[in-house]
Amino acid sequence: MTTKRKQTAGTSSEGLHYVGGIVTGANCIFQKVDQENDQGNDAYIEFISNEVATSLFAWVQIKSGISYRRNDGYAIPA
C-alpha cells in the first residue's frame, strides 16, 4: 500500500467543496459522484424552487486545476 497522495487529489477535492458550497448556499441539492463511478461527471445538482424539489438536474464536471483559478474563484471557458 502506498502512503502517497497526489496533489491533484487535494485540488479536485477543493473544487468539489467550492462548487458544493455555492449549490447548497442556494438551497439546492449537491450530490457528489464517487470516484470509482466517475465517468466524466463529478456531481449532480438538483434545483429547488420555493422549497420544492423541481426534478430538474444538471450533471457537472468540475475543473479545479490551476489553469481554471481566478482571483475571485474559478472560471471555465465556454
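Residues numbered from 1 in each chain as written. Predicted model: local features only at pLDDT ≥ 70, side-chain atom pairs only at ≥ 80, totals over all residues. Heavy atoms only, no water.

Turning next to the nonpolar core. Grouped together as the largest cluster of nonpolar side chains are eight residues: Leu 16, Val 23, Cys 28, Phe 30, Ala 43, Ile 45, Val 60 and Ile 62. Mapped by element, the contributors of at least two residues to this core are helix 1 (7–25) and strand 2 (43–49). (Core = buried A, V, L, I, M, F, W, Y, C linked by side-chain atoms within 4.5 Å. Buried < 20%, exposed > 50% of the residue type's maximum accessible area, 1.4 Å probe, protein only. Helix = DSSP H or I, 4+ residues; strand = E, 2+ residues; numbered from the N terminus.)

Another aspect to go through is the side chain of Glu 46. Note on placement: Glu 46 falls in strand 2. Notably, Glu 46 is buried but unbridged: the nearest opposite-charge side chain belongs to Lys 32, and the N-O separation is 18 Å. A distance of 3.4 Å separates a polar side-chain atom of Glu 46 from the backbone nitrogen of Ser 55. Glu 46 has contacts with Cys 28, Ile 29, Ala 53, Thr 54, Ser 55, Leu 56 and Phe 57, leaving out every residue within four places of it along the chain. (Lys, Arg positive; Asp, Glu negative; His and termini not counted. Salt bridge = Lys/Arg side-chain N within 4 Å of Asp/Glu carboxyl O. Polar contact = N/O pair within 3.5 Å; in protein donor to acceptor, adjacent residues only side chain to side chain. Contact = heavy atoms within 4.5 Å.)

Next up on the list: the packing of aromatic side chains. A full pass over the atoms with the stated rule returns two aromatic pairs. Look at Tyr 44 and Phe 57: their rings are 5.5 Å apart centre to centre, the planes differ by 65°, and that puts the pair in the edge-to-face class. Remark: Phe 57 occurs in strand 3 (residues 52–60) and Tyr 44 occurs in strand 2; sequence separation between them is 13 residues. Owing to a relative accessible area of 45%, Phe 57 belongs among the partly exposed residues under this scheme. Measuring from centroid to centroid gives 5.1 Å for Tyr 44 and Trp 59, while their planes differ by 55°, and the two rings are tilted. With Tyr 44 in strand 2 and Trp 59 in strand 3, this pair connects stretches of sequence that are 15 residues apart. Tyr 44 gets classed as partly exposed once you look at its relative accessible area, which sits at 24%. Aromatic rings pair up to connect Tyr 44, Phe 57 and Trp 59 into one cluster. (Phe/Tyr/Trp six-rings, centres within 6.5 Å; stacked < 30°, edge-to-face > 60°.)

Any functional reading would require information beyond the geometric quantities listed.
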